[in-house]
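# Examination of the molecular architecture
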Amino acid sequence: MAAAAAVVTPSGLEDTVSRSRSEGAGEMVVERGPGAAYHMFVVMEDLVEKLKLLHYEEELLRKNNLKPPSRHYFALPTNPGEQFYMFCTLAAWLINKAGRPFEQPQEYDDPNATISSILSELRSFGRTADFPPSKLKSGYGEHVCYVLDCLAEETLKYIGFTWKRPTYPVEELEEETVPEDDAELTLNKVDEEFVEEETDNEENVIDLNVLKAQTYHLDMNESAKQEDILESTTDAAEWSLEVERVLPQLKVTIRTDNKDWRIHVDQMHQHKSGIESALKETKGFLDKLHNEISRTLEKIGSREKYINNQLEHLVQEYRAAQAQLSEARERYQQGNGGVTERTRLLSEVTEELEKVKQEMEEKGSSMTDGAPLVKIKQSLTKLKQETIQMDIRIGVVEHTLLQSKLKEKSNMTRDMHATIIPESAIGSY
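Residues numbered from 1 in each chain as written. Predicted model: local features only at pLDDT ≥ 70, side-chain atom pairs only at ≥ 80, totals over all residues. Heavy atoms only, no water.

### What to know about the pattern of salt bridges
The condition that has to hold: The salt bridge definition used is simple: a Lys or Arg side-chain nitrogen within 4 Å of an Asp or Glu carboxyl oxygen. Here a strand is any run of E in DSSP of at least two residues, a helix any run of H or I of at least four, and the numbering for each starts at the N terminus. Three exposure classes are used, based on accessible area relative to the maximum for each residue type with a 1.4 Å probe and protein chains only: buried under 20%, partly exposed in between, and exposed over 50%.
Taken as a whole, this structure holds eleven salt bridges when the rule is applied. The residue Lys 50 makes a salt bridge to Glu 153 at a minimum N-O spacing of 3.0 Å. Remark: Glu 153 occurs in helix α5 (residues 142–159) and Lys 50 occurs in helix α1 (residues 39–53); sequence separation between them is 103 residues. With a closest N to O distance of 3.0 Å, Glu 59 and Lys 97 form a salt bridge. Of this pair, Glu 59 sits in helix α2 (residues 56–64) while Lys 97 sits in helix α3 (residues 80–97); the two residues are 38 residues apart in sequence, bridging distant segments of the chain. Since its relative accessible area comes to 22%, Lys 97 is described here as partly exposed. Taken together, the shared-partner salt bridges connect Lys 50, Arg 127, Asp 149, Glu 153 and Glu 154 into one network.

Written out as structure tokens, the structure is:
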């Protein structure tokens, strides 16, 4: 992976796209090339590598029971709802890991509010987001990859991650085995060949020393014999047969060997003579071709000078038109920047207007709704019924209390009459 990946800022225009460096030092607007449609795949692959450096598999995926995204998860549309939820979850995790408090979004939260909060956090890092927030609702595309890639870079900066130089393994160089050239002449080979030839020849040639020793022993033995044996007893036919049998062995034959240095020297002389003869013919053809090419180049140079002199005014007009075109492009880029800024402001104002409209609708529906009035009337009738019941209960309680007081008073008067004894009755006793 590259040490510092160039990040392309997505925009809604087809002709230009603004590219921001990872250091946030400035912006540069360049034209889209034919591979701009596939740049988000490269950004997505870099994003996956940065997330692996941040250990998102252990800290995020396993805790929330999420599947790890593929290399092209946010570049291709598969399931917009799932992709948007994954985008919000990853963005919230990266913002929290970058040192900014951010609440984890839920499934039933307002997507516009979630996107606006994520973009506000992204702008707080110093990153540009000159595209409408509705581009992020789909959950895939170059804008989603751009936002997540910027947040991942800011998180890596916050944790102090630095790219190190790559360390390459040291490979041990094998010793090159140089094949032995059969044409190379060495003294050892000459000695070995000479010894082999001598051994081969000795097998086929009669040893003279052995013959001398045999003749000496025969002479010594025969000297002891009588000197009257002066004629040879060997048959002439047998002698001729023996001569014919031994004659091939007495011939010396020299074998031609391809390894002989003399043959190689002769071959080198032959090749040298062939190269010299071919060089003479080839040199003539090459000199002729060189002269023709030089004459053609001179003609081309003279024609070019003539054409330049004839078309000088047209070249000047072309240069002036090119300068006007560059100025018009600069003005267009400046106007395009203002349009994008105003488009962003318009989108923010539109979002705020939608929120205000929604609040007004909720308040209006609550004001025109008659359900609270019905509930109040029901509560009043219920309260009246309860007060009537309470009045009845109070009357019953007062009646029982009055009866108890009357009963107690009657009992007291009865007790008092019972205790008073008349005096006539006392005197009788």
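### Comments concerning unusual backbone geometry
Look at His 55: it is not a glycine, yet its phi comes out positive at around 60 degrees. When you line up the elements, His 55 lands in the loop between α1 and α2.

### What about a nonpolar patch on the surface?
Our working rule: Only residues above 30% relative accessible area that lack a salt bridge enter a patch, with like-charged residues linked at up to 9 Å and the nonpolar side chains Val, Leu, Ile, Met, Phe, Trp and Tyr linked at up to 5 Å. Using the Shrake-Rupley algorithm and a 1.4 Å probe, accessible areas are obtained, with residue cover drawn only from the displayed protein chains.
Together, Leu 53, Tyr 158, Ile 159, Phe 161 and Trp 163 make up a nonpolar patch on the protein surface, roughly 470 Å² of accessible area in all. Relative to the helices and strands, Phe 161 resides in the loop between α5 and α6 (187–204).

### A short note on the nonpolar core
Selection criterion: For our purposes a nonpolar core is just a set of buried Ala, Val, Leu, Ile, Met, Phe, Trp, Tyr and Cys residues, chained together by side-chain atoms within 4.5 Å. Here a residue-residue contact requires only that any non-hydrogen atoms of the pair lie within 4.5 Å.
The biggest cluster of nonpolar side chains holds 40 residues, and the ones touching the most others in it are Phe 74, Phe 87, Val 147 and Leu 148. Elements with a minimum of two residues in this core: α1, α2, α3, α4 (111–124) and α5. Among the elements that make up this core, the one with the highest residue count is α3 (ten residues). For Phe 87, the residues in contact, after removing those within four places along its chain, are Phe 74, Ile 118, Leu 136, Val 144, Val 147 and Leu 148.

### Remarks on the packing of α3 against α5
What counts here: An axis is simply a line fitted to the C-alpha atoms; with a helix, the fit covers only the stretch in contact. Between two such axes, the angle follows the N-to-C directions and lies from 0 to 180 degrees. Between 65 and 115 degrees an angle is taken as roughly perpendicular, under 35 as roughly parallel, over 145 as roughly antiparallel, and anywhere else as oblique. By definition, any crossing whose near helix is turned counterclockwise from its far helix by less than a right angle is left-handed, and any crossing with a clockwise turn is right-handed. Three classes are used: nonpolar for Ala, Val, Leu, Ile, Met, Phe, Trp, Tyr, Cys and Pro, charged for Asp, Glu, Lys and Arg, and polar for all others, with Gly counted as polar.
Relative to each other, α3 and α5 sit at 20 degrees, their axes nearing to 9 Å. Relative to α5, the element α3 is oriented roughly parallel. Crossing angle aside, the handedness with which α3 passes α5 is left-handed. Facing α3, whose interface residues are Phe 87, Leu 90, Ala 91, Leu 94, Ile 95 and Lys 97, α5 presents Val 144, Val 147, Leu 148, Leu 151, Ala 152, Thr 155 and Tyr 158. By residue class, the composition of the contact of α3 with α5 is eleven nonpolar, one polar and one charged.

These results come straight from atomic positions and should not be treated as a statement about function.
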